[in-house]
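Geometric and topological summary
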Amino acid sequence: MLTDSAKQVLEANWQGAYSIPRHKLYPFQWNWDAGFAALGWAHFHPERAIAELKSLFTGQWKNGMIPHIIFHREDQTSYFPNHDFWRVTEVNAGAPKQPLTSGISQPPVHGFIAELLLEICPEHPGMVDFIRWLYPKILASHRFFYHYRDPNKEGLLVSYHPWETGRDNSPLWDGALQEIHIPAGSLPAYQRKDTQHADSSERPRDHDYDRYVYLLLLAQQYGYDGAEIMSESPFLLQDTGMNAILVRSNEAMIRLGKRFQLDTAEVEEWQQQSIRSFNTKLWNAALGCYSPYDIAQQAMVNHHEIGGLMSLFAGLSTTARTQTQVDYLNKLIAEGYYLCPSFNPADALFDSKRYWRGPIWPQMNWMLARGLQANGQAALAQQVRDDLLSLVGQLGFHEYFEANKSAAQQLTRGYGGDKFSWTAATVIDLEMRT
Ligand code: GLC
């Protein structure tokens, strides 16, 4: 069992009221990381699961958005872009002054996490009341997406920054980023900090980082939620991962709402439209997978990767499409990969080592395993789970892992940061519940 060591990793990242993903590399609270950390805490310290989410929601904006980073400590300087670069309170009156935050969101996991907390520790004193208290806040964060991020009212939310999707430098975004031409000298001087704390060959390139900064500053001009962003940004993506996770959380919110005898008509309406649009607009028949749609270029993004597989987690795939996805996973096994690489190894842009361009990510495996299980694919679900546990057992509680089996066997560590919170949390949940 890895759970005992996993608990120590979570303990070491605990900051008194919330968890950081990892020291130095990510020294604040991150949005979807906090959801997974709460899941881990729920198994042995439910009070901390509650504290974790309470802390996260202190950063919620008046417009309902849960920011992707909550800068609980203003004196912490090992990360860029920090609060003084985002400058959210200067450009948006609805951003909290305390704690300071970033200006974009991240995958909306908190609806399904709230439901899981009730499932894991229903007897914990105060848990039911806590979820009741949290419910309208999560609902407001979904309303934010439907109100501010669905310009054509399709039920598919649009992200205007790769960081919002959580899959920061997936090759999915390369095409849109290449369209961005930054006039020389137009970006302020800045210094990356991530490459001081992790191997630069495992992190995004400077060329990409310039574009991340450019998009951040563009959104900043319009207060991070202005409608102008949707007309001016060259990066407007309807992402599979974001939208599938939203659907999965809507589903949990409908069930929770009924349990609390609340009116769920609003969520049910969102949900119907999102399911319909996801299945019509994001199915890429040519590639046999779900893939994002680029609003700015009005085209599908033609790559096969892990975000599309989140349709299984959200119960979106039809039987025939599930089979296509199962075939893809079986092919990966036959070709000598662990399940499941973040990007298709057969694609020329695959890179088994670099961040979101190929390696295996624990939280994605966790969602995929649950999705496969729910779709009657118990053996594959088990494989996804076992692959993650064996990688962690061999290579440590890292941020992400080598996907190629024979290459991984030569390694002594995983990639990115070690002693990582969501790696520990997902391992705990996988071991405790099967
Ligand atoms: C990276 C990941 C993002 C995660 C963050 C903190 O930026 O791409 O998904 O939330 O690290 O772990």
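On inspection of all chains with the given rule, the structure shows 22 salt bridges. Among the ionic pairs, Asp418 bridges to Arg22, the shortest N-O distance being 2.5 Å. Separated by 396 residues along the polypeptide, Asp418 in the loop between α18 (405–409) and α19 (421–432) and Arg22 in the loop between α1 (3–13) and β1 (29–30) bring together distant segments of the chain. A relative accessible area of 25% places Asp418 in the partly exposed class. A salt bridge links Arg167 to Asp239; the shortest N-O distance between them is 2.8 Å. Taken together, the residues Arg167 in the loop between α7 (127–148) and α8 (174–178) and Asp239 in the loop between β4 (237–238) and α12 (240–259) connect sequence positions 72 residues apart. Residues joined by salt bridges that share partners form a network here, namely Arg192, Asp194, Arg203 and Asp206.

Attention now moves to the site of the ligand. Taken together, 13 residues lie around the ligand, and Asp33, Gln106, Gly166, Asp168 and Trp356 are the ones closest in. Here Tyr26 contributes a side-chain N or O atom positioned 3.3 Å from an oxygen atom of the ligand. Separating an oxygen atom of the ligand from a side-chain N or O atom of Asp33 is a distance of 2.6 Å. Coverage of the ligand by the protein chains reaches 97% of its 310 Å² of free accessible surface.

With antiparallel pairing, three strands are arranged side by side in an open sheet as β4-β7-β8. Each end of this open sheet is capped by a strand with a single partner; those strands are β4 and β8 (299–300). In this structure, strand β7 (residues 293–294) lies alongside β8, joined through two bridges in antiparallel fashion. Looking at β8, one finds that Asp294 is bridged to Ala299.

Quick look at the packing of α1 against α19 now. Between α1 and α19, the least distance of the axes is 8 Å, while the angle of their chain directions is 145 degrees. As α1 packs across α19, the resulting crossing turns out to be left-handed. Contact residues: α1 offers Thr3, Ala6, Lys7, Val9, Leu10 and Asn13, while α19 offers Ser421, Ala424, Ala425, Val427, Ile428, Glu431 and Met432. Among the residues forming the contact of α1 with α19, the class breakdown is eight nonpolar, three polar and two charged.

Scoring rules and cut-offs
- Residues numbered from 1 in each chain as written.
- Predicted model: local features only at pLDDT ≥ 70, side-chain atom pairs only at ≥ 80, totals over all residues.
- Heavy atoms only, no water.
- Salt bridge = Lys/Arg side-chain N within 4 Å of Asp/Glu carboxyl O.
- Helix = DSSP H or I, 4+ residues; strand = E, 2+ residues; numbered from the N terminus.
- Buried < 20%, exposed > 50% of the residue type's maximum accessible area, 1.4 Å probe, protein only.
- Near = heavy atom within 4 Å.
- Polar contact = N/O pair within 3.5 Å; in protein donor to acceptor, adjacent residues only side chain to side chain.
- Areas by Shrake-Rupley, 256 points an atom, 1.4 Å probe, with all protein chains shown as cover.
- Pairing = 2+ DSSP bridges.
- Axes fitted to C-alpha atoms, helices over the stretch in contact; angles between N-to-C directions.
- Left-handed = near helix turned anticlockwise from the far one by under 90°.
- Contact = heavy atoms within 4.5 Å.
- Nonpolar A, V, L, I, M, F, W, Y, C, P; charged D, E, K, R; others polar.

All we've got here are geometric facts, nothing functional implied.
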